[in-house]
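What follows is each chain in one-letter form.
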Amino acid sequence: MKKLLLIVLGLALLLTAVACNTKGEPVSSDPTADPTADPTADPTADPTADPTADPTADPTTEPTTEPTTEKPEDPKEPLPETVLNVADHTSDVFRQLGRTYVKDKVLNIDFACGGIEFSAECEGDVKVQINSARDTRFTIYVDGVRSNLRPQVTTSNSGYYVTIASKLERGEHTFRIISQTQFIWTYGSIGNVKITGNFLPKPADREIYLEFYGDSILNGSNIFCSGGGINASDATQAFGFVTAEMMNADMALIGCSSIGLTKNSRSFVMKDIWNYAGARYSAFSTSASEHLLPGIPEWDFSRIPSAIIIEQGVNDGSNASSQAFEDAVKEMVDNLRSKYGKDVPIVFPVGYCKGAYNTSLPQIVSKLGGAEANLYICQMSNASVSKEDGGDGTHPGVETSKKMAQELSDFLKTVIK
């Protein structure tokens with residue numbers, strides 16, 4: 001009987017323990033366990049964690065904030081109004097294009113295709129102060145793109161600021177301003193450049209540099225139509241400048257309409273200007289006799305060309321068959337060799353116009369040593385086309401000038417080392 005009572009008592013105690021553990025989990029034997037803890041809780045959980053937090057959230061994600069309606073402030077400082085004198089900054093800001101020279105606190109531009117290049121962090125309008133003895137037209141490039149603008153500076157607006165770009169967005173921009181007009185019609189200069197922003201360091205020279213000597217065809221005379229004059233002409237669309245652009249080259253142009261090696265309709269020939277940084281002519285002023293004006297500095301010849309192109313002979317006419325013409329060619333070659341050395345290729349284009357030079361020049365070049373002496377003839381297509389091209393029937397128009405440039409650039413790539 002006593003044994004039976006002990007068995008019943010043991011069963012009662014067992015049933016009591018089962019009733020207390022309602023989840024059916026084993027009773028903890030850990031003597032340190034919290035008797036008030038949730039028996040279903042993860043024993044490894046952070047006791048400070050937000051019990052309402054999303055258990056699937058990335059614990060590394062930053063907490064989100066409410067969006068603000070306030071406009072953030074522009075961290076950029078306002079750009080200053082800046083004016084620089086070009087003549088004072090040809091060494092650090094403004095790159096001279098073509099043959100130009102500093103005199104009387106301005107950068108003088110006599111020969112066509114002369115000008116400046118510069119870069120700036122700026123916005124809004126860019127203005128250039130230009131002086132002109134008569135009428136001068138300019139070509140403008142902004143960020144490498146030729147502008148539709150063709151600003152004309154006359155005696156009535158000489159010295160005023162010309163806007164070469166407007167409403168530019170803030171950022172870094174590049175600019176070129178280049179004279180279209182040859183010196184027998186005008187000469188000009190650039191004073192100051194005005195921007196909203198800061199000028200950047202002077203742009204680097206291009207790797208290739210071409211030097212051209214020539215007449216009206218290189219100066220773009222009547223490239224748009226017959227009638228002559230400034231409005232019908234543009235040296236920056238003639239085949240020399242276009243050749244340089246095709247080859248991503250710098251260039252300089254020395255010459256003018258009607259000029260030859262032995263004769264000219266005016267009082268001077270090529271040798272009278274080939275050593276100078278510019279040339280100024282008196283005849284567009286009715287009060288002056290016809291002559292070159294004095295006071296032009298000599299060119300320094302410090303930058304050696306990749307190639308020299310001599311476009312001469314057309315205006316020499318029948319003289320191109322004479323000994324005088326041969327002597328003049330040799331004199332010009334000798335002069336260039338004394339300045340630049342014997343390794344620079346010198347190229348004589350022929351065939352673009354009718355004339356005795358087409359026969360005589362190849363013979364003269366051969367006598368002077370030909371290719372072994374780095375002297376070359378470039379045979380080109382006839383450029384004396386009909387007026388439908390846009391020119392005047394003798395001088396090539398824009399499209400023919402492009403074809404000439406392609407022929408010349410293809411040839412120059414074979415001789416430039």
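Presented here is a report on the structure given in the accompanying data block. What you see is a predicted model, and the numbers here were worked out from it, not measured in a lab.

## As for the overall build of the protein chain
Helix and strand counts for the protein chain stand at 5 helices and 15 strands. Within the protein chain, buried positions represent 46% of all 417 residues. Long-range contacts, defined here as pairs at least 24 residues apart, represent 74% of the contacts in the protein chain between residues at least 6 apart. Of the roughly 21800 Å² of accessible surface on the protein chain, a fraction of 53% belongs to carbon and sulfur atoms.

## So, the packing of aromatic side chains
Evaluated as defined, the whole model comprises 10 aromatic pairs. For the pair phenylalanine 118 and phenylalanine 199, a centre-to-centre distance of 6.0 Å together with 55° between the ring planes defines the contact as tilted. In this pair, phenylalanine 118 sits in strand 5 (residues 115-132) while phenylalanine 199 sits in strand 10 (residues 188-199), placing the two residues 81 residues apart along the sequence. Pairing phenylalanine 268 with tyrosine 281 gives two aromatic rings, centres 5.7 Å apart and planes at 70°, and the pair type is edge-to-face. Separated by 13 residues along the polypeptide, phenylalanine 268 in the loop between strand 12 (249-255) and strand 13 (307-310) and tyrosine 281 in the loop between strand 12 and strand 13 bring together distant segments of the chain. The buried category is assigned to phenylalanine 268, whose relative accessible area is 2%. Given the relative accessible area of 5%, tyrosine 281 is considered buried. Members of the aromatic cluster, joined through ring pairs, are Phe94, Phe118, Phe175 and Phe199. Positioned above the aromatic ring of tyrosine 141, the side-chain terminus of arginine 176 is 4.0 Å from the ring centre.

## Some points on unusual backbone geometry
The phi dihedral of aspartate 104 falls on the positive side, at around 60°, and the residue is not glycine. Along the chain, aspartate 104 falls in the loop between strand 3 (101-103) and strand 4 (106-109). Judged by its relative accessible area of 66%, aspartate 104 falls in the exposed class. Residues other than glycine seldom take positive phi values, yet asparagine 248 does so here, at roughly 50°. Relative to the helices and strands, asparagine 248 resides in the loop between helix 2 (239-246) and strand 12.

## Some remarks on the side chain of serine 119
As for its placement among the helices and strands, serine 119 is situated in strand 5. When its relative accessible area of 10% is taken as the criterion, serine 119 is described as buried. Each residue touching serine 119, except ones within four places of it in the same chain, is listed here: His173, Thr174, Phe199, Leu200 and Pro203.

## Focus on the nonpolar core
Within the largest apolar cluster, 74 residues are counted, with the highest numbers of intra-cluster contacts made by Phe183, Leu210, Tyr213, Met270, Ile273, Leu408 and Leu412. At 7 residues, helix 3 (residues 323-340) tops the list of elements feeding residues into this core. Formed by 27 residues, the second largest nonpolar core is a distinct cluster that contains Val93, Phe94, Ala120 and Ile177.

What counts and what doesn't
Residues numbered from 1 in each chain as written. Predicted model: local features only at pLDDT ≥ 70, side-chain atom pairs only at ≥ 80, totals over all residues. Heavy atoms only, no water. Helix = DSSP H or I, 4+ residues; strand = E, 2+ residues; numbered from the N terminus. Buried < 20%, exposed > 50% of the residue type's maximum accessible area, 1.4 Å probe, protein only. Contact = heavy atoms within 4.5 Å. Areas by Shrake-Rupley, 256 points an atom, 1.4 Å probe, with all protein chains shown as cover. Phe/Tyr/Trp six-rings, centres within 6.5 Å; stacked < 30°, edge-to-face > 60°. Lys NZ or Arg CZ within 6 Å of the ring centre and 35° of its normal. Core = buried A, V, L, I, M, F, W, Y, C linked by side-chain atoms within 4.5 Å.

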